[in-house]
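Structure assessment
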Amino acid sequence: MTMIVNVTGVSKTYGGLHHILENCSLEVQKGKRIGMVGPNGAGKSTLFRMIAGREEPDSGSIWRHPGLSIGYLSQEPEFDPAKSLLDIAMESSKELARINEELHRVEARMADPEVYGDPAKLERVLHRQELLLVEFEAAGGLAYRNRVEGTLRAFGFQEEQFHLPIGVLSGGQKKLLGLTQLLVARPDLLLLDEPDNHLDIRGKRELERLINDYPGTVVIISHDRYLLDVVATQIIEVSKGIAVLWHGNYSEFAFEKNVADASQAKAYDVQQRELKRLEASRLRLISWSSGGQNEAMIQLARNVQKRMDRMERVDRPQGSRTMALSLHGSRGSDKALEFKGLWKVFEGENGEDKEVLTDAEMLIWSREVVGLVGPNGAGKSVLFKLILGEIEPTAGEIKVGPSTTMVYYSQEHQTLNYDSIVVDEIRKLKPMYEGEAYSFLGRFMFGKNEAQKPIRALSGGEKSRLQFAKLMLTPAN
Ligand SMILES: Nc1ncnc2c1ncn2[C@@H]1O[C@H](COP(=O)(O)OP(=O)(O)OP(=O)(O)O)[C@@H](O)[C@H]1O
Ligand SMILES: [Mg+2]
């Protein structure tokens, strides 16, 4: 077996307070499919960024096999919103991206009246284009583009979307695009940070297939047990600052971990009983020492104390923590939301319109809980924006019940102001004493340390929790 990544004794803190990772070690063997799991904020994304070389550990070292190429998909990938889907997908080959960009420039020049009006200039530009096309082909550009287009199609993108600017893509689609970039570049090691987040069923199936067929090594962070069962043969569990490697898929990991937790619980109980017994005997010895007169008794009591101090403590097994949720709205009556004949059409780049909603209708009664499902890019978020009044329908009208107030929990955390501090964000919504705000945030599992962070520093899961917390402060029905 060949080791390709070795993380040794890595520690990391942000802002110097508590350690995110403390003396954490792990290794990645060539060709493995590894699932990385652990609670929100455990440090999974941080580990990925360090392995990918985007961030440095405070101490410890990270060794990568010489020449190892790494492809990294971040938890919230960001792209230049003005570029087209195909351009971004092609970008993973630096060489081809350069030629491609130059081709775009040359093509733009050909449309310039100053150029096309002047035969000599035009000839020169055409010649340049010709050369670039030859260069593109020689660099394997056509085969590469075929692979890119094939992967995009496999992920459910349609031909006519290839030239759309990225800005219009849904959250799931951005993830798929990031994946496409990596899969066609075929790096030795893929680091995928929650690639399945926001994917519909079709996208998930395709993702499973691609990971299983991938010729290199894959490490994938996911909170989806099913996906990990299908793709992973090893699990790295990140928690309490360290990483532990388990062999087997997620179910095997969960089983073994249960066994391990149970035996830890047992060991903890046994140790606690022993500690109680020793403490009782220490106190007894002190009481027999006649108020400290009997030196022999005092010495024995000290020995007992030493024995207690020397015992290597078994950690208390952690039960899972849960959040307390309550949405406090006033009692509404009958219809909460209704629309009929609702249309939303976006104007396309080249005059082709994109019909997202065509004659849609829906009626939601008060107190109903409705799940909205559909493939990526079907228009679920668009519908929400219409309901919230952020965008206007092309035709039709949305009726919101008179006693209906709305809160919105967004897919991509756009409702969060990334520059503000967590606790301030809460106190802005509702006046609270500082202590009150901290204890409110505590219910959402934010420690005081997290509560003082700027929002941009939060992990993906922490941002989601904060949005929930804000939701709870907004009266809604
Ligand atoms: N730049 C930063 N400044 C301050 N704190 C940070 C920064 N980046 C991450 N953190 C903190 O480090 C901890 C670990 O974050 P990380 O994103 O690695 O968690 P994660 O395991 O990926 O969680 P999730 O499952 O929610 O994505 C979190 O408490 C987070 O708030
Ligand atoms: Mg993360």
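Residues numbered from 1 in each chain as written. Chains lettered and ligands numbered in written order. Predicted model: local features only at pLDDT ≥ 70, side-chain atom pairs only at ≥ 80, totals over all residues. Heavy atoms only, no water.

**Examining the coordination of the magnesium ion (ligand 2)**
The coordination sphere of the magnesium ion (ligand 2) contains the protein donors Ser 45 (OG) and Gln 75 (OE1), at a distance range of 2.0 to 2.2 Å. In this pair, Ser 45 is assigned in helix H1 (residues 44-51) and Gln 75 in the loop between strand E5 (70-73) and helix H2 (85-90), connecting sequence segments 30 residues apart. Residue Ser 45 is classed as buried on the basis of its relative accessible area, which comes to 15%. (Donors = N, O, S within 2.8 Å, 3.2 Å for Na, K, Ca; no water. Helix = DSSP H or I, 4+ residues; strand = E, 2+ residues; numbered from the N terminus. Buried < 20%, exposed > 50% of the residue type's maximum accessible area, 1.4 Å probe, protein only.)

**Focus: the nonpolar core**
For soluble globular proteins, the rule of thumb is that nonpolar side chains tend to be buried together. One finds Leu 85, Val 148, Leu 152, Phe 157, Leu 177, Leu 179 and Leu 192 to be the most contacted residues of the largest nonpolar core, which totals 48 residues. Of all the elements, helix H7 (residues 171-185) adds the most residues to this core, at six residues. Sequence-distant contacts of Leu 85, defined by excluding residues within four places in its chain, comprise Leu 152, Phe 157, Gln 161, Phe 162, Leu 164, Ile 166, Leu 169 and Leu 177. Counting 26 residues, the second largest nonpolar core, distinct from the first, contains Leu 21, Leu 26, Ala 42 and Ile 236. (Core = buried A, V, L, I, M, F, W, Y, C linked by side-chain atoms within 4.5 Å. Contact = heavy atoms within 4.5 Å.)

**What about the side chain of Thr 180?**
Mapped onto the fold, Thr 180 is located in helix H7. The exposure class of Thr 180 is buried, given its relative accessible area of 0%. A polar contact of 2.8 Å, which involves the side chain of Thr 180, links it to the backbone oxygen of Leu 176. Residues in contact with Thr 180, not counting those within four places in the same chain, are Ala 89, Val 148, Thr 151, Leu 152 and Phe 155. (Polar contact = N/O pair within 3.5 Å; in protein donor to acceptor, adjacent residues only side chain to side chain.)

**Looking at the sheet that holds strand E11 (residues 353-365)**
With antiparallel pairing, three strands are arranged side by side in an open sheet as E11-E10-E12. What marks the edges here is a single partner per strand, and that holds for E11 and strand E12 (395-400). The sheet shows a mean angle of 15° between the axes of neighbouring strands, direction not considered. The strands that helix H12 (residues 380-388) touches are strand E10 (335-347), E11 and E12; relative to E10, the one it contacts most, it runs at about 120°. (Pairing = 2+ DSSP bridges. Axes fitted to C-alpha atoms, helices over the stretch in contact; angles between N-to-C directions.)

**Comments concerning the sheet that holds strand E3 (residues 33-37)**
Read across the open sheet, the six strands follow the order E5-E6-E7-E3-E8-E9; overall the sheet is mixed. Of all strands in the sheet, those bounded by a partner on one side alone are E5 and strand E9 (242-247). Neighbour-to-neighbour, the strand axes of this sheet turn through a mean angle of 15°, independent of strand direction. Both strand E8 (residues 234-239) and E9 contribute to a ladder of six bridges, which runs antiparallel. Opposite Gln 234, over in E9, you have His 247 as the bridge partner.

**Structural notes on the packing of aromatic side chains**
Given two aromatic rings, their pairing is described by the distance between the two centres and the angle made by the two planes. The final tally for this structure, using the stated rule, is three aromatic pairs. Each ring, one from Trp 246 and one from Phe 253, has its centre 5.3 Å from the other, and the planes form 80°; the classification is edge-to-face. The residues Trp 246 and Phe 253 share a single accessibility class, namely buried. Members of the aromatic cluster, connected to one another through ring pairs, are Trp 246, Tyr 250 and Phe 253. The side chain of Lys 344 reaches across the aromatic face of Phe 346, ending 5.1 Å from its centre. One Lys or Arg, Arg 465, reaches over the ring of Phe 446 and ends 5.4 Å from the middle of that ring. (Phe/Tyr/Trp six-rings, centres within 6.5 Å; stacked < 30°, edge-to-face > 60°. Lys NZ or Arg CZ within 6 Å of the ring centre and 35° of its normal.)

**Topic: the pairing of strand E6 (residues 189-193)**
With respect to burial, E6 is a largely interior element, five of its five residues being buried. Covered by surrounding structure in E6 are Leu 189, Leu 191 and Asp 193 together with Leu 190 and Leu 192, the residues of both alternating faces. Bridge analysis of E5 against E6 gives four bridges, and the strand direction is parallel. Bridge assignment links Ile 70 to a residue of E6, and that residue is Leu 189. Taken together, the five bridges between E6 and strand E7 (residues 217-221) define a ladder with parallel strand orientation. Among the inter-strand pairings, Leu 190 is bridged to a residue of E7, identified as Val 218. Crossover E6 to E7 through helix H8 (residues 201-213) is right-handed. (Right-handed = clockwise from strand over helix to strand, strands pointing away.)

**With respect to the site of ligand 1**
Around ligand 1 sit 22 residues, and of these Ser 45, Thr 46, Ser 459, Gly 461 and Glu 462 come closest. The backbone of Gly 41 places a nitrogen or oxygen atom 2.8 Å from an oxygen atom of ligand 1. Lys 453 has a polar side-chain atom sitting 2.9 Å from an oxygen atom of ligand 1. Contact with the protein chains covers 88% of the free accessible surface of ligand 1, which is 640 Å². Put simply, the parts of the chain that give the shell around ligand 1 at least two residues each are H1 and helix H16 (460-473). The dominant element in the shell around ligand 1, judged by the number of residues it contributes, is H1, at four residues. Classifying every residue of the shell around ligand 1 by side-chain character gives six nonpolar, 10 polar and six charged. (Near = heavy atom within 4 Å. Areas by Shrake-Rupley, 256 points an atom, 1.4 Å probe, with all protein chains shown as cover. Nonpolar A, V, L, I, M, F, W, Y, C, P; charged D, E, K, R; others polar.)

**Quick word on the pattern of salt bridges**
For the structure on display, the rule yields 28 salt bridges. With a shortest N-O distance of 3.2 Å, Arg 153 and Glu 159 are connected by a salt bridge. A salt bridge links Arg 307 to Glu 274; its shortest N-O distance comes to 3.7 Å. Of this pair, Arg 307 sits in helix H11 (residues 295-310) while Glu 274 is found in helix H10 (residues 250-288), placing the two residues 33 residues apart along the sequence. Linked by salt bridges that have partners in common, Glu 95, Arg 98, Glu 102, Arg 128 and Glu 135 make up one network. (Salt bridge = Lys/Arg side-chain N within 4 Å of Asp/Glu carboxyl O.)

**Structural notes on the environment of Asp 188**
For Asp 188, the position within the fold is in the loop between H7 and E6. A sequence separation of 30 residues divides Asp 188 from Val 218, and the C-alpha atoms of the two residues are 8.5 Å apart. In this view, Asp 188 contacts Gly 67, Leu 68, Ser 69, Gly 216 and Thr 217; residues no more than four positions away in its chain are not counted. Polar side-chain contacts of Asp 188 include one of 2.9 Å to the backbone nitrogen of Ser 69.

**Things to note about the domain arrangement of the chain**
Domain assignment breaks the chain into domain 1 (1-93 + 139-248), domain 2 (253-310) and domain 3 (335-400). Taking only C-alpha atoms into account, the centre of domain 2 sits 65 Å from that of domain 3. (Domains from an automatic or database assignment.)

**Re H12**
Among the residues making up H12, those that are buried are Val 382, Leu 383, Leu 386 and Ile 387. Looking straight down H12, one finds that the buried residues subtend no more than 140° of arc, so they occupy a single side. Taken from the residues just after H12, Gly 389 is the one with a positive phi, measuring 80°. (Arc of directions from axis to C-beta.)

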